[in-house]
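Examining the three-dimensional arrangement
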Amino acid sequence: MARPLELAARLAWYIVSNKLRGRKRFPLVTMLEPLEKCNLACEGCGRIREYEPVLDRMLSVEDCIEAVEDSGAPIVSIAGGEPTLHPQIHEIVNRIVERKRFVYMCTNALLMERVMKKIPPTKYFCFVVHLDGMEEAHDRSVYRKGVFRIATRAIRAALDSGHRVTTNTTVFNGVDEDDVIEMFKMVTGMGVEGAMVSPGYQFEMIPNQDLFISRENARKVFENVLDPKHGIRFYNNPLYLDFLRGEREYQCAAWSNPTYTVMGWREPCYLLGDRHTSRFDDLMSEELWERYGVGKDPRCANCMMHCGFESASIFGALSSPKDAFRMVKEGAVRNSGVGAG
Ligand code: SF4
Ligand code: SF4
């Protein structure tokens, strides 16, 4: 199943209608985390460390639907933790799909084949499979042998059964560029809709801080990895890919990707959880965004994550007919920062 045209049309109409209503900030993607527990323990994962005291908590199906409705965004990205560990994950997905929201579910794929049987293939649902490299590099990254084989088998099974599939890759310091290019070529050849890519965010609670890549080094890596000569099909929009290569600058627009967790809405963003709140409107406040973003908070200095900057590239295109035309020409509004990790 190919990327649905309805997604681009609905997203474009949603943005225009919100702008016409005079809304300065509004969500494009609801990031929904039904639980924070995982069946892996990757070295670069902030979630399993930050939420350690509440790893036993889960959102109910109704909590999830309420968060999706509170936000109102046309796209929902389900992450965590590992969402497939939630015993009712299929119900959560199917109920959101009934509302005609476009749902992307990030997964390490260990339980994907089991879960996919309970989610009928539809244009409104897409698996996003975490892959950080070819077999050796990926298994090292997730700290367990055999995960790459399970993930690639699950991708094949999902594609064969008519599901939409993309992949999501986090780039860390010292990444083997040839290896990651080989992996992107492999998944392009397998027929996934595209590969999402983003540099890892420097979570303060992770012991090995050498893991994280600076903006300057990330741009050098992306100049090579994103080179069109490799023939890779990326899912991220072309303006965000330019940003990763250092060809344009944006200020973060992370208010467009609000994140709901077992503790409430994260404030300010998917990456920084300085506070949790039950009031969705808190995340859109002027006062909040005077304090966060590049040049405002030192923790934002190296951030290039899609949850802050991919949607910024979409909003930037609204004031540039040339950029807007390029987004439409090169695959429409492909992505708004749905990948997690
Ligand atoms: S990065 Fe993803 S797969 Fe790895 S421990 Fe965190 S939630 Fe689990
Ligand atoms: S730049 Fe934006 S997305 Fe990144 S950490 Fe800061 S507020 Fe969050």
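Rules used throughout
Residues numbered from 1 in each chain as written. Chains lettered and ligands numbered in written order. Predicted model: local features only at pLDDT ≥ 70, side-chain atom pairs only at ≥ 80, totals over all residues. Helix = DSSP H or I, 4+ residues; strand = E, 2+ residues; numbered from the N terminus. Rg over C-alpha atoms; globule rule 2.2 N^0.38 Å. Contact = placed C-beta atoms within 7 Å. Expected span 1.5 Å × (residues − 1). Buried ≥ 20, exposed ≤ 12 C-beta atoms within 10 Å, placed from the backbone. Pairing = 2+ DSSP bridges. Near = placed C-beta within 6 Å. Nonpolar A, V, L, I, M, F, W, Y, C, P; charged D, E, K, R; others polar. Axes fitted to C-alpha atoms, helices over the stretch in contact; angles between N-to-C directions. Parallel < 35°, antiparallel > 145°, perpendicular 65-115°, else oblique. Left-handed = near helix turned anticlockwise from the far one by under 90°.

**Points about the overall build of the protein**
Scanning the protein for helices and strands turns up 13 helices and nine strands. Expected size for 341 residues packed as a compact globule is a radius of gyration near 20 Å; at 18 Å, the protein falls within 12% of this value. Over its C-alpha atoms, taken along the principal directions, the protein stretches across nearly 50 × 45 × 40 Å. Considering only contacts in the protein between residues 6 or more positions apart, those separated by 24 or more positions represent 76%.

**Topic: helix H12 (residues 306–317)**
The terminal C-alpha atoms of H12, which comprises twelve residues, lie 16 Å apart, in line with the 16 Å expected from a rise of 1.5 Å per residue. Looking only at H12, the buried set comprises His306, Cys307, Gly308, Phe309, Glu310, Ser311, Ala312, Ser313, Ile314, Gly316 and Ala317. In this structure, the buried residues of H12 make contact with strand S1 (29–32), strand S6 (195–199), helix H10 (238–244) and helix H13 (321–329).

**Examining the pairing of strand S8 (residues 264–268)**
A regular strand carries its side chains on alternate faces of the sheet. Here two bridges tie strand S7 (residues 259–261) to S8, and the two strands are oriented antiparallel to one another. When the sheet's bridge partners are listed, Thr261 is paired in S8 with Gly264. The loop that links S7 with its antiparallel partner S8 comprises two residues. In terms of strand pairing, S8 meets strand S9 (residues 273–277) through four bridges, oriented antiparallel. In the sheet register, Arg266 faces S9, and the bridge partner there is His276. Connecting the antiparallel pair S8 and S9 is a turn made up of four residues.

**Topic: the site of ligand 1**
Lining the immediate environment of ligand 1, one finds 14 residues, of which Cys38, Leu40, Cys42, Cys45 and Asn108 sit closest. Of the residues contributing to the shell around ligand 1, the split by class is seven nonpolar, five polar and two charged.

**Points about the packing of helix H8 (residues 177–190) against helix H9 (residues 215–225)**
At a closest axis distance of 10 Å, the pairing of H8 and H9 adopts a crossing angle of 45 degrees. What the angle tells us is that H8 and H9 run oblique. Of the two possible hands of crossing, H8 and H9 adopt the one that is right-handed. Touching Glu177, Val180 and Ile181 of H8 are Val221, Asn224 and Val225, all from H9.

**Thoughts on the environment of Phe243**
The residue Phe243 is located in helix H10 in this model. A tally of 23 C-beta atoms within 10 Å means that Phe243 is categorised as buried. Separated by 21 residues in the primary sequence, Phe243 and Phe222 have C-alpha atoms spaced 9.6 Å apart. The residues touching Phe243, leaving out its near neighbours within four places in the chain, are Arg248, Tyr250, Phe309 and Ser313.

**Description of the packing of helix H3 (residues 61–71) against helix H4 (residues 89–98)**
The N-to-C vectors of H3 and H4 enclose an angle of 35 degrees; their axes lie 9 Å apart at closest approach. Seen from above, H3 lies across H4 with right-handed handedness. Across the interface between the two elements, Val61, Cys64, Ile65 and Val68 of H3 pack against Glu91, Ile92, Arg95 and Ile96 of H4. Considered class by class, the residues forming the contact of H3 with H4 number six nonpolar, no polar and two charged.

**Quick look at the environment of Gly293**
You can see Gly293 is positioned in the loop between helix H11 (286–289) and H12. The spacing of Gly293 and Ala254 is 39 residues in sequence and 8.4 Å in space, taken between C-alpha atoms. Apart from residues no more than four positions distant in its own chain, Gly293 is found in contact with Gln251, Cys252 and Cys300.

**Looking at unusual backbone geometry**
Of note, the amide linkage connecting Gly80 to Gly81 takes the cis form, showing an omega dihedral of 20 degrees. Relative to the elements of secondary structure, Gly81 occurs in the loop between strand S2 (75–78) and H4. For the bond from Glu267 to Pro268, the omega torsion is 15 degrees, close enough to zero to count as cis. One can find Pro268 in strand S8. In this model, Lys100 sits at a positive phi of 60 degrees, which is unusual for a non-glycine residue.

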